[in-house]
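# A structural walkthrough
So the chains spell out like this:
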Amino acid sequence: DFTILIKNVQANLLQSSSFKADDVLTLYHTKNMFGYIDNNGVLCLVSKINLEPLKYDGFKTQVNEDQKVKVNSQQLKFAVDSVSKLCNNNSDIILKVSDNKLTAENVNNDIIKIPKEGDVADCRMTLNRQSFIALINILDEKVNLCWAEGDGRKIISVQTLDSDENVDDNSFTIITTNDR
């Protein structure tokens, strides 16, 4: 048994399309390396630096649930992946609520609707594309997206839901917007 906290960049390097979420992998680790062998027999390794977890208590006090929508993470991922592929690599992703519809958009005005549960006020939130994609790749089936009402920079809380759709209190995930 071992626990290791790695950088997001390293986690992205370990992502593979050669296995599914329910596949069993053999993990390997040495004093300096961590990784697995995928179903094709390829050894995937990254260096181990074992970061200290971020202190997040301050963020918990700033998280607001004034606005909350429940979304299917696969539909969210599809929408974000699709609009991401239609623009350049440096573009942000825009989550927009207008007329009580949630959409993912890019700078080229490509728009994909994301089915949601919950009524929220109109708003526009600009997110770093790479950070948002890394986040949605690890989400459970359904999640709540929560944020404070109003303009400007926001902290979006991503609440994972258990099989009964109750909030998992053992999980705390946030992403900040690029809005000013």
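Read on for a plain summary of the structure. (Residues numbered from 1 in each chain as written. Predicted model: local features only at pLDDT ≥ 70, side-chain atom pairs only at ≥ 80, totals over all residues. Heavy atoms only, no water.)

### A short note on the sheet that holds strand E9 (residues 123-127)
Ordered in space as E7-E6-E5-E9, the 4 strands form an open sheet in which the pairing is antiparallel. The sheet is open, and its two edges are formed by strand E7 (111-114) and E9, each paired on a single side. Ignoring strand direction, the axes of neighbouring strands in this sheet form an average angle of 25°. Here 4 bridges tie strand E6 (residues 101-105) to E7, and the two strands are oriented antiparallel to one another. Bridging across to E7, Thr-103 finds its partner in Lys-113. Across the face of the sheet, helix H3 (residues 73-85) comes into contact with strand E5 (93-98), E6 and E7 while running at roughly 175° to E7. (Pairing = 2+ DSSP bridges. Helix = DSSP H or I, 4+ residues; strand = E, 2+ residues; numbered from the N terminus. Axes fitted to C-alpha atoms, helices over the stretch in contact; angles between N-to-C directions. Contact = heavy atoms within 4.5 Å.)

### What about the environment of Asn-32?
Residue placement: Asn-32 occurs in the loop between strand E1 (26-29) and strand E2 (33-37). Taking C-alpha positions, Asn-32 is 5.7 Å from Ser-47, a pair spaced 15 residues apart along the chain. Leave out the neighbours within four places in its chain, and Asn-32 touches Val-46, Ser-47 and Lys-48.

### Let's talk about the environment of Asn-64
For Asn-64, the position within the fold is in the loop between helix H2 (57-62) and strand E4 (67-72). For Asn-64, a relative accessible area of 25% translates into the label partly exposed. Note: C-alpha distance between Asn-64 and Ile-155 (91 residues apart in sequence) is 7.9 Å. Residue contacts for Asn-64: discarding those within four places in its chain leaves Cys-146, Trp-147 and Ala-148. In terms of polar contacts, Asn-64 uses its side chain to reach the backbone amide nitrogen of Asp-66, at 2.6 Å. (Buried < 20%, exposed > 50% of the residue type's maximum accessible area, 1.4 Å probe, protein only. Polar contact = N/O pair within 3.5 Å; in protein donor to acceptor, adjacent residues only side chain to side chain.)

### Some words on the side chain of Asp-179
Tracing the chain through its elements places Asp-179 in the segment after strand E12 (173-176). Put simply, Asp-179 is tucked away with no salt bridge, and the nearest opposite charge, on Arg-124, sits 4.4 Å away. Here the side chain of Asp-179 touches Thr-177 through a polar contact of 3.3 Å, side chain to side chain. Excluding its chain neighbours within four sequence positions, the residues that come into contact with Asp-179 are Arg-124, Met-125, Thr-126, Gly-152 and Arg-153. (Lys, Arg positive; Asp, Glu negative; His and termini not counted. Salt bridge = Lys/Arg side-chain N within 4 Å of Asp/Glu carboxyl O.)

### A closer look at the layout of surface pockets
Taken as a whole, the second largest pocket encloses approximately 220 Å³ of empty space. Forming the walls of the second largest pocket are Lys-77, Asp-81, Ser-84, Lys-85, Asn-89, Arg-129, Gln-130, Ile-133 and Asn-137. Elements with a minimum of two residues in the lining of the second largest pocket: H3 and helix H4 (129-136). The element that contributes the greatest number of residues to the lining of the second largest pocket is H3, accounting for 4 residues. (1 Å grid on protein atoms, 1.4 Å probe; cavity = no way out; pocket = protein on both sides within 12 Å on 5 of 7 lines; lining within 4 Å. Points joined across faces, edges and corners; volume = space filled by probe spheres on them.)

### Focus: the packing of H3 against H4
As a packed pair, H3 and H4 sit with axes 10 Å apart at the nearest point and diverge in direction by 150°. Relative to H4, the element H3 is oriented roughly antiparallel. For the element pair H3 and H4, the recorded crossing hand is left-handed. Each of Leu-76, Lys-77, Val-80, Asp-81 and Ser-84 in H3 lies in contact with H4, whose residues at this interface are Arg-129, Phe-132, Ile-133 and Ile-136. When the residues that make up the contact of H3 with H4 are grouped by side-chain class, the tally is 5 nonpolar, 1 polar and 3 charged. (Parallel < 35°, antiparallel > 145°, perpendicular 65-115°, else oblique. Left-handed = near helix turned anticlockwise from the far one by under 90°. Nonpolar A, V, L, I, M, F, W, Y, C, P; charged D, E, K, R; others polar.)

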